[in-house]
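Per-entry structural report
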Amino acid sequence: MRETPTLHFFCGKAGAGKTTVAARVAEQHRAILVSEDIWLTRLYGDEMKTFDDYIRFSRRLRTVVGPLAVDLLKAGHSVVLDFQANTRSGRSWFRSIFEQAGAAHVLHHLDTPDDLCLARIARRNVERPDGSHHLTEEDFMHVSSYFQPIEASEGFNVEVHAA
């Protein structure tokens, strides 16, 4: 029996483990996985040099991935979007997808301490898996300054993953 089509998406700081959990969720639910970092790297590669470049290209990518995710959900497929949902405005994009599709949703919150995030980033900087970006501790602090915790009033179905 097939599961109800569900959009899975993620809130957690850089290095929290979003990509690892996304892959596990996609496998568990036999869902289609779309990874922002991999798509951005393959589409824009060397053009992405700054945080502002990431923001610009990420917005552009969402104009393609959003409608694709809606179509996949409407066709009965669960979708795992390995994109960050770290701000209220960012989370509204995910809401628009599952509402347009009339699908269920799960917002996976990765509650990972900063020191563990930084240790994982340091390891990732050496290993350089597909789609990864080199981050310094300063980069981590800058990006983390935009992080907005999920509030109950936002009305999401949240699943917490503790480190």
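Up top you'll find the structure we're talking about.
Residues numbered from 1 in each chain as written. Predicted model: local features only at pLDDT ≥ 70, side-chain atom pairs only at ≥ 80, totals over all residues. Heavy atoms only, no water.

Aromatic ring pairs are defined here through the distance separating the ring centres and the angle between the ring planes. Summed over all chains, the structure comprises 9 aromatic pairs. Between Tyr44 and Phe57, the aromatic rings sit 4.1 Å apart at their centres with planes inclined by 15°, giving stacked as the arrangement. Here Tyr44, found in helix 2 (residues 36-44), pairs with Phe57, found in helix 3 (residues 51-74); they are 13 residues apart in sequence, far enough to count as distant. Like Tyr44, the residue Phe57 is buried in the burial classification. Connected via pairs of aromatic rings, a cluster forms that spans Phe9, Phe83, Trp93, Phe94, Phe98 and Phe156. Lying over the aromatic face of Phe147, Lys13 brings its terminal NZ or CZ to 5.7 Å of the ring centre. Above the face of the Phe156 ring, Arg95 is positioned so that its terminal group lies 4.2 Å from the ring centre. (Phe/Tyr/Trp six-rings, centres within 6.5 Å; stacked < 30°, edge-to-face > 60°. Helix = DSSP H or I, 4+ residues; strand = E, 2+ residues; numbered from the N terminus. Buried < 20%, exposed > 50% of the residue type's maximum accessible area, 1.4 Å probe, protein only. Lys NZ or Arg CZ within 6 Å of the ring centre and 35° of its normal.)

With their axes 10 Å apart at the nearest point, helix 2 and helix 3 run at an angle of 110° to one another. Here helix 3 runs roughly perpendicular to helix 2, going by the angle between their axes. You can see that helix 2 and helix 3 cross each other, and the crossing is right-handed. Residues Glu36, Trp39, Leu40, Leu43 and Tyr44 of helix 2 pack against Tyr54, Phe57, Ser58, Arg60, Leu61, Arg62, Val65 and Leu68 of helix 3. Partitioning the contact of helix 2 with helix 3 into residue classes produces 9 nonpolar, 1 polar and 3 charged. (Axes fitted to C-alpha atoms, helices over the stretch in contact; angles between N-to-C directions. Parallel < 35°, antiparallel > 145°, perpendicular 65-115°, else oblique. Left-handed = near helix turned anticlockwise from the far one by under 90°. Contact = heavy atoms within 4.5 Å. Nonpolar A, V, L, I, M, F, W, Y, C, P; charged D, E, K, R; others polar.)

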